[in-house]
Amino acid sequence: MSTPILTALRFYFAGTGVGGFLLRFAQSWMFVSAALVILAEAIMLASFTAFLRRTTVSVDPASIDKKFVIIAHYGIACVALAFMALGFFTVYATGGDYLWYTAVTVGFWGISLCMLAMKVVLYREDVAKRKLTTPRVARFTVSAMTTGAS
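Criteria and cut-off values
Residues numbered from 1 in each chain as written. Predicted model: local features only at pLDDT ≥ 70, side-chain atom pairs only at ≥ 80, totals over all residues. Heavy atoms only, no water. Core = buried A, V, L, I, M, F, W, Y, C linked by side-chain atoms within 4.5 Å. Buried < 20%, exposed > 50% of the residue type's maximum accessible area, 1.4 Å probe, protein only. Helix = DSSP H or I, 4+ residues; strand = E, 2+ residues; numbered from the N terminus. Phe/Tyr/Trp six-rings, centres within 6.5 Å; stacked < 30°, edge-to-face > 60°. Axes fitted to C-alpha atoms, helices over the stretch in contact; angles between N-to-C directions. Parallel < 35°, antiparallel > 145°, perpendicular 65-115°, else oblique. Lys, Arg positive; Asp, Glu negative; His and termini not counted. Salt bridge = Lys/Arg side-chain N within 4 Å of Asp/Glu carboxyl O. Contact = heavy atoms within 4.5 Å. Patch = residues over 30% accessible without salt bridge, like charges linked within 9 Å, V, L, I, M, F, W, Y side chains within 5 Å. Areas by Shrake-Rupley, 256 points an atom, 1.4 Å probe, with all protein chains shown as cover.

Caption draft 1: Region of the structure containing the nonpolar core. Within the largest apolar cluster, 5 residues are counted, these being Phe 48, Phe 51, Leu 52, Val 69 and Ala 72. Listing elements by their share of this core, those giving two or more residues are helix H2 (19–56) and helix H3 (66–93).

Right under this line is the structure:
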């Protein structure tokens, strides 16, 4: 069975004298890189879930940094999207239609949007925390100094 990726690799290595060897080498490195991605994603997923499990049974909720909880929640969502994209790529690489490649692209866009949403939520959390910790008089003085009012 010829897949689009294997066809591209065969075409690329056709002009070299050692095409078969390089094709097998490229295929084996695709397998190794996919295994490393799965391992890295599994480690991140395990660490995020372990952190969330530990924070839910923590004795003192005030000692938990809300930013780490936000990062763990969005990290789990990003890892799930990465596994989904990797699954779609596996289907595409083993002879699937280009629709699967589109699904891979959408999965990576989803990861990017998830990371952007995490940054926005972290920023909002930081702004809310500053409003709670900064006295109202100090906020007024700083805003008056920046706007030029007396």
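Having seen the model, we can carry on.
Caption draft 2: Expanded view of the packing of aromatic side chains. One pass over the structure, following the stated rule, counts 5 aromatic pairs. Judged by centre distance (6.2 Å) and plane angle (80°), the ring pair of Phe 51 and Phe 68 falls under edge-to-face. Here the residue Phe 51 occupies a position in helix H2, and Phe 68 occupies one in helix H3, the gap between them amounting to 17 residues. Assessed through its relative accessible area of 19%, Phe 51 is described here as buried. A ring pair is formed by Phe 88 and Trp 100, whose centres lie 5.5 Å apart and whose planes are at 45°; its orientation type is tilted. Separated by 12 residues along the polypeptide, Phe 88 in helix H3 and Trp 100 in helix H4 (residues 98–133) bring together distant segments of the chain. Residue class for Trp 100 comes out partly exposed when judged on its relative accessible area of 32%. Site record: aromatic cluster; members linked through ring pairs are Phe 89, Tyr 92, Tyr 98 and Tyr 101.

Caption draft 3: Up close: the packing of H3 against H4. Contact geometry for H3 and H4: axes closest at 8 Å, N-to-C directions at 175°. Put simply, H3 runs roughly antiparallel to H4.

Caption draft 4: View of the side chain of Glu 41. The topology assignment puts Glu 41 in helix H2. Of the side chains bearing the opposite charge, Lys 119 lies closest to the buried Glu 41, which forms no salt bridge; the N-O distance is 15 Å. The residues touching Glu 41, leaving out its near neighbours within four places in the chain, are Val 79, Ala 82 and Phe 83.

Caption draft 5: Spatial organisation of a nonpolar patch on the surface. Taken together, the side chains of Phe 25, Trp 29, Phe 31, Val 32, Leu 36, Leu 39 and Ile 43 present a nonpolar region at the surface, about 740 Å² in accessible area. Mapped onto the fold, Leu 36 is located in helix H2. Here Leu 36 falls in the exposed class, since its relative accessible area comes to 51%.

Caption draft 6: Inspection of the pattern of salt bridges at higher detail. Throughout the structure, instances matching the rule amount to 2 salt bridges. Note that Asp 126 is salt-bridged to Lys 67, the shortest N-O span being 3.7 Å. With a gap of 59 residues between them, Asp 126 in helix H4 and Lys 67 in helix H3 connect regions that are remote in the sequence. Lys 67 gets classed as partly exposed once you look at its relative accessible area, which sits at 29%. With a closest N to O distance of 2.6 Å, Arg 130 and Asp 126 form a salt bridge. A residue pair is termed a helical-turn pair when its members lie 3 or 4 positions apart in one helix, as Arg 130 and Asp 126 do in helix H4 at 4 residues. Within the structure, one salt-bridge network assembled from shared partners comprises Lys 67, Asp 126 and Arg 130.

Shape is all these values report; function is a separate question.
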